[in-house]
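In case you want the letters, here they are:
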Amino acid sequence: MRAAGSGPLRLIPAVADTTGRVFPATVPPHVGCGVPDGFRAAPSGPGERGVICPYCRTPDTRVVDSRTAEDGGAIRRRRQCTACERRFTTLETVTLAVVKRSGATEPFSREKVLVGVRKACQGRPVTEDDLALLAVEVEDAIRSRGVAEIPSQQVGLAILEPLRRLDEVAYLRFASVYRSFDSLDDFVAEIARLRPEVPAAAAAR
């Protein structure tokens, strides 16, 4: 059972080769999940299909092993096709949806967080590892709220504080776009907020 307030489970199919690497495999987005070990991932209702074998496309597969992954945020399952008997791996995660201002929703993406922050950090002493850690911190902060959907504005707010700690110049760049700064006064006010011990008039000079 999922905890109250958590989002729907999303099944990310993948195929593992003999070296242990995992590759994506295409299956319908509505497939069921949470199948106990040894049971078949059979259709759960009229018109529904089970997890499709990426090799022979048979929708009749069974779970042979399950393990937690990503610090408990996902379940990695080893499955076997009942037709060709080949095995593949699927990864189940909880979906977090971002609600845009238009009302449309899309899955939360760390990469989209990185795209905006990376632009603000151009020319600054910030590494890709720093950015990756920031994206993880932002996602953890959002998921800790225990909601399945979050407004896009809240994603931006979740970025601001970790970015301020990482690099204040990059923070000002990001904040100027996110908060739609219209004049130099907006920058002066934000700098004064960053340096509360410095009066706004001194910051203006």
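Attention here is on the structure that accompanies the text. (Residues numbered from 1 in each chain as written. Predicted model: local features only at pLDDT ≥ 70, side-chain atom pairs only at ≥ 80, totals over all residues. Heavy atoms only, no water.)

**Points about helix α3 (residues 152-166)**
Here's step 1: Helix length check: α3, at 15 residues, gives a terminal C-alpha distance of 22 Å against a target of 21 Å (1.5 Å per residue), a fit within 8%.
Here's step 2: Looking at α3, one finds that the buried residues are Val155, Gly156, Ala158, Ile159, Leu160, Pro162 and Leu163.
Here's step 3: Where the residues of α3 are buried, they touch β6 (97-99), α1 (110-120), α2 (128-143), β8 (149-151) and α4 (168-178). (Helix = DSSP H or I, 4+ residues; strand = E, 2+ residues; numbered from the N terminus. Expected span 1.5 Å × (residues − 1). Buried < 20%, exposed > 50% of the residue type's maximum accessible area, 1.4 Å probe, protein only. Contact = heavy atoms within 4.5 Å.)

**Section: the pairing of strand β5 (residues 87-94)**
Here's step 1: The buried fraction of β5 is high, at six of eight residues.
Here's step 2: Here strand β4 (residues 74-81) pairs with β5 via seven bridges, running antiparallel. Following the sheet pairing, Arg77 is matched in β5 by Thr90. (Pairing = 2+ DSSP bridges.)

**Here we look at the layout of surface pockets**
Here's step 1: Taken as a whole, the second largest pocket holds about 560 Å³ of empty space.
Here's step 2: Residue lining of the second largest pocket: 23 residues in total, with Lys112, Ser152, Val155, Ile159 and Phe174 positioned closest to the centre.
Here's step 3: The set of elements that each furnish at least two residues to the lining of the second largest pocket consists of β7 (105-107), α1, α3 and α4.
Here's step 4: Broken down by element, the residue count for the lining of the second largest pocket peaks at seven residues, all from α1.
Here's step 5: Of the residues assigned to the lining of the second largest pocket, the class counts are 12 nonpolar, five polar and six charged. (1 Å grid on protein atoms, 1.4 Å probe; cavity = no way out; pocket = protein on both sides within 12 Å on 5 of 7 lines; lining within 4 Å. Points joined across faces, edges and corners; volume = space filled by probe spheres on them. Nonpolar A, V, L, I, M, F, W, Y, C, P; charged D, E, K, R; others polar.)

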